[in-house]
Amino acid sequence: MIDRTSDLLFKHIFGNPERKPLLIGLVNSILSPDPDKDVICDLMLVDREISPENVEDKGYRLDILGETPEGLKINIEVQNVNQANIDKRSLCYWSKIYGRQLKSGMPYRDLKPTYMINILNFNFFNKYEDYVNRFHITNMKTGDPLNDDLRLHFVEIPKWISLSIKARNRLERWITFLSNRNYEEIEEYAMYDNNIHRALEAEAQFLSNEAMMHAYEQREKTKRDWESEIIVARDEGIEVGMAKRDKEIARKMLAKNVPMETIQECTGLPMSEIRSLA
């Protein structure tokens, strides 16, 4: 069974300009408290590389970054591994995307909102029962929003799966599709939801492409190796902090000739630190 939250397949389906309606449909289903109400009408894919300002700074390669005609920035990230930092990671990405809008001589008032969407293949907010959680900045006393420039959205797929019910709206149909747990049910949704139908067609194209599947299988192998290294590290009693553990895992992955970009994605270490371990 293929993992639809794999970054390669996810980007193939939703990060292709030819399939922009699929991305717009997914984004609208998450942004709105009413999953069947549209928030955006158009979304243009933009450069998802965030270069470091200084040599020692960390660079970022986002999963998908889009911009509406009004200038609203929307970043969609898919995470399979819980590194216990998705809240801070999302805030960091938001600050980079929001801040790089500011050019010389540009007034702060011209900054456009930036919304973050995190699709998680694990549960992060254990104190919340909802499978979708939305955050923004508010007055601690009155609850009034400061402005609408920051929104963080988190979709926890396992929470939806645990409900064991059929999809009631387009967001739940998308989550069912991404979870890939019930093919017959997804086929049923595809009969009347054209976006799900087109997503299945895009997936079939991916599955029939030898080069894409080879890259996917290599990425999945790397992920399994990383998970195995964590288990080994625990068994060997490496309990001297997350940073040292990640460095140890990075060294072993380097020894297996795993690409540095993949190591950075798995461990969260700065590229400069990974290079120093080589």
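What counts and what doesn't
Residues numbered from 1 in each chain as written. Predicted model: local features only at pLDDT ≥ 70, side-chain atom pairs only at ≥ 80, totals over all residues. Heavy atoms only, no water. Helix = DSSP H or I, 4+ residues; strand = E, 2+ residues; numbered from the N terminus. Buried < 20%, exposed > 50% of the residue type's maximum accessible area, 1.4 Å probe, protein only. Contact = heavy atoms within 4.5 Å. Phe/Tyr/Trp six-rings, centres within 6.5 Å; stacked < 30°, edge-to-face > 60°. Pairing = 2+ DSSP bridges. Axes fitted to C-alpha atoms, helices over the stretch in contact; angles between N-to-C directions. Salt bridge = Lys/Arg side-chain N within 4 Å of Asp/Glu carboxyl O. Polar contact = N/O pair within 3.5 Å; in protein donor to acceptor, adjacent residues only side chain to side chain.

A. Structural detail: the side chain of E172. Here E172 is to be found in helix α5 (residues 170–179). According to the relative accessible area criterion, E172 is buried, its value standing at 1%. Excluding its chain neighbours within four sequence positions, the residues that come into contact with E172 are Y131, W160, K166 and A167.

B. View of the packing of aromatic side chains. According to the stated counting rule, one finds 13 aromatic pairs in the structure shown. Considering the side-chain rings of F125 and F154, the 5.0 Å spacing of their centres and the 75 degrees angle between planes classify their relative orientation as edge-to-face. In this pair, F125 sits in the loop between β6 (114–120) and β7 (132–135) while F154 sits in strand β8 (residues 150–156), placing the two residues 29 residues apart along the sequence. This pair shows no difference in class: F125 is buried, exactly as F154 is.

C. Representation of unusual backbone geometry in the model. If you check the backbone angles, S164 has positive phi at about 55 degrees while not being a glycine. Residue position: S164 is located in the loop between α4 (157–163) and α5. The phi torsion at N180 lies on the positive side, around 55 degrees, for a residue other than glycine. Structurally, the position occupied by N180 is in the loop between α5 and α6 (183–190). Judged by its relative accessible area of 8%, N180 falls in the buried class.

D. Geometry of the sheet that holds β6. One open sheet accounts for six strands, arranged β1-β4-β5-β6-β8-β7; its pairing is mixed. Edge strands, defined here as strands with exactly one partner in the open sheet, are β1 (44–45) and β7. Here four bridges tie β7 to β8, and the two strands are oriented antiparallel to one another. Directly across from N133, in β8, lies its bridge partner F154. Of the strands in this sheet, β1, β4 (64–67), β5 (73–79), β6, β7 and β8 touch helix α2 (residues 20–31), which is tilted by about 95 degrees from β6. In the packing of helix α3 (residues 86–99) onto the sheet, contacts are made with β4, β5, β6 and β8, and the angle to β6 comes to roughly 150 degrees.

E. Molecular detail of the environment of I76. Secondary-structure assignment places I76 in strand β5. Taking the C-alpha atoms as reference points, I76 and I117, separated by 41 residues in sequence, lie 4.7 Å from one another.

F. How the structure looks around the pattern of salt bridges. All told, the structure shown has 11 salt bridges when counted by the stated rule. D38 is the salt-bridge partner of R170, the closest N and O atoms lying 2.9 Å from each other. Separated by 132 residues along the polypeptide, R170 in helix α5 and D38 in the loop between α2 and β1 bring together distant segments of the chain. Among the residues examined, R170 registers a relative accessible area of 15% and is labelled buried.

G. A look at α5. Where burial is concerned, most of α5 is hidden: 10 out of the 10 residues are buried. Every buried residue of α5 is accounted for by R170, L171, E172, R173, W174, I175, T176, F177, L178 and S179. Between a side-chain oxygen at the N-terminus of α5 and the backbone nitrogen of L171 the separation is 3.1 Å; the capping residue is N169.

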